[in-house]
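If you want the building blocks of each chain, they are given just below.
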Amino acid sequence: MAEEKAVASEQKQMEERSLSVFASEKKEDITSLVIAFALAVLVLIALK
Amino acid sequence: MNEERKSPVTLIIGLILLAYALILRSQNESLTPTGLVAVAEYLKTGKTIGTQISVGLWSGIIISLVGIWNLAVPAMTSKFDKLVRAPMAGIGMIMILAYVTRYYMEPIFKIWGKQAQPMLGFDMASVFGLNYILLGILLGIVWVNTIGIPGWMQAGVKTARLAMKVGVITLGAMYSITELKYLGGLSIVMVATFVMGTSLFVLWLGKLAQAERPLIGVLSAGLGVCGVSAAVAAAPVVKARGVDMAYSIGMLLLVGVVGLFVFPPVAKMVGMNELQFGAWAGTGILNSAQVAAAALIFDPNTIETLKVAEIFNITRILFLPFIVIVLAVWFAKGEEEAEKGKVSIGKVLIDKFPLFVLGFLIMFAFSSTGIFTPKGMELHGKHFYKFKIDEKKEVRTRDLKKISAFLETGAVTDPKVKAALGKLVADRQITSAEQTDLVLKAQDFTKEKDLKAAFKEADKLVQAKPATMEMMREYMMWFFAFGLIGLGMQITWQTLRQAGGKAAMIGVVAGITKATLSFFVCWLLIKGSI
C-alpha cells in the first residue's frame, strides 16, 4: 500500500516537473524570488 | 546535435520584438499620431507606449542575442542552455501573444463593451471580465488546439508557472496592512467570516466531490476572495494546471454574472436599503467589476450603495494574503500526507511551505512599511494621495464659485461636509484624507451634474500615482499575461472535456450558499441606513 502511494506520488511529481523547465520546485521558487526582488530593487533605484 | 536549437527561429522572434519597439518609438516621436501610435490612440493605450517600447527593446535585444548565439553554437545540455537558451524562442513567442492580448485584444473588447452599453444596459467587457487574464488563457487554448506547440516553443511554454510565481510575489507589493485601518469594523468582521467560511467550505465540498486538489484550491480562493484575480494568485500555490484555471475562471465569471442580475431585483423585492445592499453585493458577488455594476444597477442615482459595496469589496481583496497562506499550508499538508500519512502543520510549514509564497509575504510586509510609496504620498482607500499645497492641484475658480454658492443655499445639512466644503473654498484644494471623503459625500446633497463633477474633480486633483507602484503593477501584469497564455497552451480539448463537471458543481453550490447566507446576514443583522 505504502509502496503504491510512493509510486503514485513519484509519478505525479514527474508529471508536475514535465510542465516546468526546472528540475525541482525549490529551484523554480528561488528563481522566481530572485527575478521578483531584483525587479523591485531596480524599480526602486530607478524611480524613487 | 539538436537541429531544433540550430534553427533561426529565436533570432527571428527577437527581431520581430525589436522591430515592433523601434517602429513604435520612431512613430511616437512624430508630431501627428501615425501608424501604430494612431492605433494606440484609438484603442486608448497611448499611456502604455513607453512600456511597450522598453519591454520590446530589452526583450528584443536579449532574445536576438540568444538567437545569434544559438545559431553560432547550438544549445546543448548544460543547465544554462536548458533554462535560458532553449526556452528563449517560446518565451519570445508568448511575449508577442501577450502584446496582442494586453494592448490590442483587451482594449478592443473595452471599446466594444462601452459601445454596446446603451443597448445592453451594462458594460459587457467589464461584467464578463473580458480582460487580459481571460483573453490570455483563451488565446493559449485556441493556439494549442489549432496551431499546436512546435518543438521550438515547448521549453518556453514550460516557463509559464515561473512567470506566474514572479507575478504572485510582485502582487504582494500591491497590498498594505495600513489599508485595513481605513475600513470599518463591520466590513472586516463580516468579510473575514465570509471569506474564510467560503474558502473552507469549498475545500470541504471539493473533498466531498473527490475533485482534484489544485482545482479545489483555485476555486476556494476565487469563490472566497475576489474572483478571477484571487484564482490567478492561488494557481501556483496549489500547482494548478491550465485546465483547472480555465474551468475555475469560467465558473467564477458565470456565478458572478448570475449574481449581478439576481441580487438587485431580490434586494428591491425585500426592501433592502443602500447599506444592506452594498454590504451584500460587496460580500456575495465575486468580481470587483461585477460588484460595482450590481451596486449601480440597484442605485443608479447616488454613489452611496457603490461606496459601501466598494468598502466591503476592498476589505475582501485585502484578505487574499491570508487565504494564500491557508492554501499553501493546506496544499503542502495534503501532498505530504499522500506520501507519508498524517503530518503536523508545524512540520509542513518548515518542510514544504512554498518559498515563493514567503516572497509574496515579504513583499507584502515591505509594502506595509511604505517602502514602495514615495515620500509625501499616502494610500487612502483605493488611491494614493498627495496633500501638499500645490497651485497645480487647485480647483478651477469657476467651480469654487459654484461650490461657494451651493454652500450658501443651505442644502448641505451635515456640518462635517459643510466644514469640509468651506475649507475647500478657502484653501482652493483638498488638504486631507478625511476631507476628500467628505467632499465626495457632498454629492449626495445635490442633483446638479456640474457640481457633482466639481467634487469629483477636486478629489481627482489631489490623487497621485506613485511611479514605483505603477511600474511594479505593469511588470506584474506582464508576468501574469505571460503565465496565463502559457497555462492556456497546456489545455487541449480532451482535457477540457474530461474535467468540467466538478468545477461547475462546486462553483454553483458554493456561490449559492455564500450569496444566500450573506443575504440573510445583511438583511436581518444590518440595521440603519447611511
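Everything in this summary refers to the structure shown in the same document. Because the structure is predicted, anything quoted here is derived from the model rather than measured. (Residues numbered from 1 in each chain as written. Chains lettered and ligands numbered in written order. Predicted model: local features only at pLDDT ≥ 70, side-chain atom pairs only at ≥ 80, totals over all residues.)

### Here we look at the overall build of chain B
Here comes step 1: Helix and strand content of chain B: 25 helices and three strands.
Here comes step 2: Expressed along its principal axes, the backbone C-alpha trace of chain B runs to roughly 85 × 65 × 45 Å.
Here comes step 3: Restricting to contacts in chain B with at least 6 residues of sequence separation, those with at least 24 account for 78%. (Helix = DSSP H or I, 4+ residues; strand = E, 2+ residues; numbered from the N terminus. Contact = placed C-beta atoms within 7 Å.)

### Notes on the packing of helix H1 (residues 9-29) of chain B against helix H2 (residues 35-42) of chain B
Residue and element names in this part refer to chain B.
Here comes step 1: Look at H1 against H2: their axes get within 7 Å of each other, and the N-to-C directions meet at 80°. Put simply, H1 runs roughly perpendicular to H2. Contacts from Ile 23, Leu 24, Gln 27 and Asn 28 in H1 reach Gly 35, Leu 36 and Val 37 in H2.
Here comes step 2: Tallied by class, the residues present in the contact of H1 with H2 amount to four nonpolar, three polar and no charged. (Axes fitted to C-alpha atoms, helices over the stretch in contact; angles between N-to-C directions. Parallel < 35°, antiparallel > 145°, perpendicular 65-115°, else oblique. Nonpolar A, V, L, I, M, F, W, Y, C, P; charged D, E, K, R; others polar.)

### Some words on the interface of chain B and chain A
Here comes step 1: In this assembly, 27 residues from chain B lie in contact with 22 residues from chain A.
Here comes step 2: At the level of secondary structure, the elements contributing two or more residues to the side of chain B that touches chain A comprise helix H4 (79-85), helix H9 (160-171), helix H17 (320-340), helix H19 (355-368) and helix H24 (467-488) of chain B.
Here comes step 3: Top contributing element to the side of chain B that touches chain A by residue count: H9 of chain B, with six residues.
Here comes step 4: Split by residue class, the side of chain B that touches chain A holds 16 nonpolar, five polar and six charged.

### Quick look at the pairing of strand S2 (residues 383-386) of chain B
Residues and elements named next belong to chain B.
Here comes step 1: Here strand S1 (residues 377-380) runs beside S2; their pairing, made up of four bridges, is antiparallel. The partner of Leu 379 across the bridge, within S2, is Phe 384.
Here comes step 2: The sheet contact formed by S2 and strand S3 (residues 463-464) spans two bridges and is antiparallel. When the bridges of S3 are listed, Tyr 385 appears paired with Gln 463. (Pairing = 2+ DSSP bridges.)

### Let's talk about unusual backbone geometry
Residue and element names in this part refer to chain B.
Here comes step 1: Unusually for a residue other than glycine, Lys 44 sits at a positive phi of about 60°.
Here comes step 2: Within the secondary structure layout, Lys 44 lies in the loop between H2 and helix H3 (49-72).
Here comes step 3: On the basis of neighbour count, Lys 44 is assigned to the exposed category, with 11 C-beta atoms found within 10 Å.
Here comes step 4: Look at Arg 428: it is not a glycine, yet its phi comes out positive at around 70°.
Here comes step 5: Here Arg 428 lies in the loop between helix H21 (415-427) and helix H22 (433-441).
Here comes step 6: Classification of Arg 428 as partly exposed rests on a count of 17 C-beta atoms within 10 Å. (Buried ≥ 20, exposed ≤ 12 C-beta atoms within 10 Å, placed from the backbone.)

### Here's the deal with the environment of Met 88 of chain B
Residues and elements named next belong to chain B.
Here comes step 1: Residue position: Met 88 is located in helix H5 (residues 88-120).
Here comes step 2: We classify Met 88 as buried; it has 28 C-beta atoms within 10 Å.
Here comes step 3: Each C-alpha atom, one on Met 88 and one on Ile 430, is 50 Å from the other, the two residues being 342 residues apart in sequence.
Here comes step 4: Sequence-distant contacts of Met 88, that is, excluding residues within four places in its chain, are made with Thr 10, Ile 63 and Val 66.

### Observations concerning the sheet that holds S3 of chain B
Here comes step 1: Taken together, the three strands give an open sheet; going across it, the order is S1-S2-S3 (chain B), and neighbouring strands pair in antiparallel fashion. At either margin of the open sheet sits one strand with a lone partner, and together these are S1 and S3 of chain B.

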